[in-house]
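Structure assessment
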Amino acid sequence: MEQETLAAVRTQLERVTEYDLYADHLADADLSVESAEAFRDLPFLTGETLEADYDAHAPTGSLTGDAAMMCFTPMGDDLAPVFDTEQDLAWQAEANATVFERAGVEPGDRVLNTFGYHTFGTGLLLHRALEGLGAEVIPAGPGDTETTAATIETYDVDALVGNPSFARKLGDAGASVDVFVGGGEPFTSVPGLRESVKEALGADTAVDYFGTRQILPVAAETAAEDGLVVLDDYALVEVVDPDTGEVLPYGERGELVVTHLQKETSPLVRYRTGDLAEWEERDGEVVLPNGVIGRTDGRLKVKGVKLYPEALGAVLAGFPDLSGEYRLTVSRPESTDRVELVCEGEADVEALRDAVRDRLLVTPDEVSVVESLDGSGVVDERYD
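Residues numbered from 1 in each chain as written. Predicted model: local features only at pLDDT ≥ 70, side-chain atom pairs only at ≥ 80, totals over all residues. Heavy atoms only, no water.

Strand order in the open sheet formed by 4 strands is β10-β11-β12-β15, and the pairing between neighbours is antiparallel. Edge positions in the sheet fall to β10 (235-240) and β15 (292-295), since each has one partner strand and no second. In this sheet, adjacent strand axes meet at a mean angle of 45 degrees when their direction is disregarded. In terms of strand pairing, strand β11 (residues 253-260) meets strand β12 (residues 271-278) through 5 bridges, oriented antiparallel. Paired with Glu255 across the strands is Leu276, a residue of β12. (Pairing = 2+ DSSP bridges. Helix = DSSP H or I, 4+ residues; strand = E, 2+ residues; numbered from the N terminus. Axes fitted to C-alpha atoms, helices over the stretch in contact; angles between N-to-C directions.)

Shown next as structure tokens:
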């Protein structure tokens, strides 16, 4: 970890300890943080800790301050408020403008934004960034497919921003753009989806974007389309073993942990997202080569390897004739674990097996496809 990043961490820690949550959460921590090891001694922040803070300081939580905007983010079964000061909004706009510039959006381009402007505020935040870059923005939001596609064609839109699934529908309805920036749902982690979206839109470039409403942005691809580069002026990323909390070496897969480097209200320090990702270092930059590939919930240890069933969703989405329903059964008939996968729909079994192996890092002993699946989910029979 470079000294510049450590200095940003120390400045951020000075900000966050003004809040009740962190005054308690970091009470026993050494906040001098002179090294990466010292930073990694800081305790993790979890969703449960945030929920407890919202309950203790209902309804807003303690991370409020003098905010200029309040939006919401999913938290458990409810929505929780997220606050931004004017400075927060400026920092986010600058980081997101960098994303769009690297993706190939240029000053003067006409950009149609289909992210929502209400409740979560994602559309508004990205709108500010595009304006700051000098683009002309159409604030379409997630509207009617035919109308939005017609707008794109009538007004010769250069770039599209939004969910990949909606973008593909727009392309099928006749819309075409040069550049697409997609986020809000699995994109490049779904085999073949980038190619499908590019073909539908006739786009030269389609890049993946990852952020949560609490930390937006985290990472995004450049026009090279070769993995999501962490916006390291705005966010610090770690990948940890979800069981031990140990920071994993580059090339490993684990839980994504994110820290704000520039945030006044609703700041997060070593926040465990529950998202599953791999990380690499390329030319001094941290890269998430496949974006977010699932969740760490419900993980199993099979044949000595951590298996993340949640990652199957993105794999199955790459096979258009599968319904997405599956049953994964882990057993131990003798002394070795056995993995069987049954999927609903139609697919080439060998291609499916290869895709599952590449994503789960475990080769299923048996893969089959059935027309209709009776009972889905994960079944671990080893301890019955």
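For the structure on display, the rule yields 2 aromatic pairs. Seen from their ring centres, Phe180 and Phe187 are 5.7 Å apart, and the 75 degrees between their planes marks the pair as edge-to-face. Pair check on accessibility: Phe180 and Phe187 agree, each one buried. Directly above the ring of Phe39 sits Arg270, whose terminal nitrogen or CZ lies 5.5 Å from the centroid. Arg272 extends its terminal NZ or CZ atom over the ring of Phe44, reaching a point 5.0 Å from the ring centre. (Phe/Tyr/Trp six-rings, centres within 6.5 Å; stacked < 30°, edge-to-face > 60°. Buried < 20%, exposed > 50% of the residue type's maximum accessible area, 1.4 Å probe, protein only. Lys NZ or Arg CZ within 6 Å of the ring centre and 35° of its normal.)

Now for the packing of helix α5 (residues 86-103) against helix α6 (residues 122-133). Two numbers describe how α5 lies on α6: the axes approach to 8 Å, and their chain directions differ by 65 degrees. Looking at the two axes, α5 sits roughly perpendicular to α6. The two elements α5 and α6 cross, and the hand of that crossing is right-handed. Contact with α5, carried on its side by Glu86, Leu89, Gln92, Ala93, Asn96, Ala97, Phe100 and Glu101, involves Leu125, Leu126, Arg128, Ala129, Leu130 and Leu133 of α6 and no other residues of that element. By residue class, the composition of the contact of α5 with α6 is 9 nonpolar, 2 polar and 3 charged. (Parallel < 35°, antiparallel > 145°, perpendicular 65-115°, else oblique. Left-handed = near helix turned anticlockwise from the far one by under 90°. Contact = heavy atoms within 4.5 Å. Nonpolar A, V, L, I, M, F, W, Y, C, P; charged D, E, K, R; others polar.)

Such coordinate-based values are descriptive only and should not be taken to indicate function.
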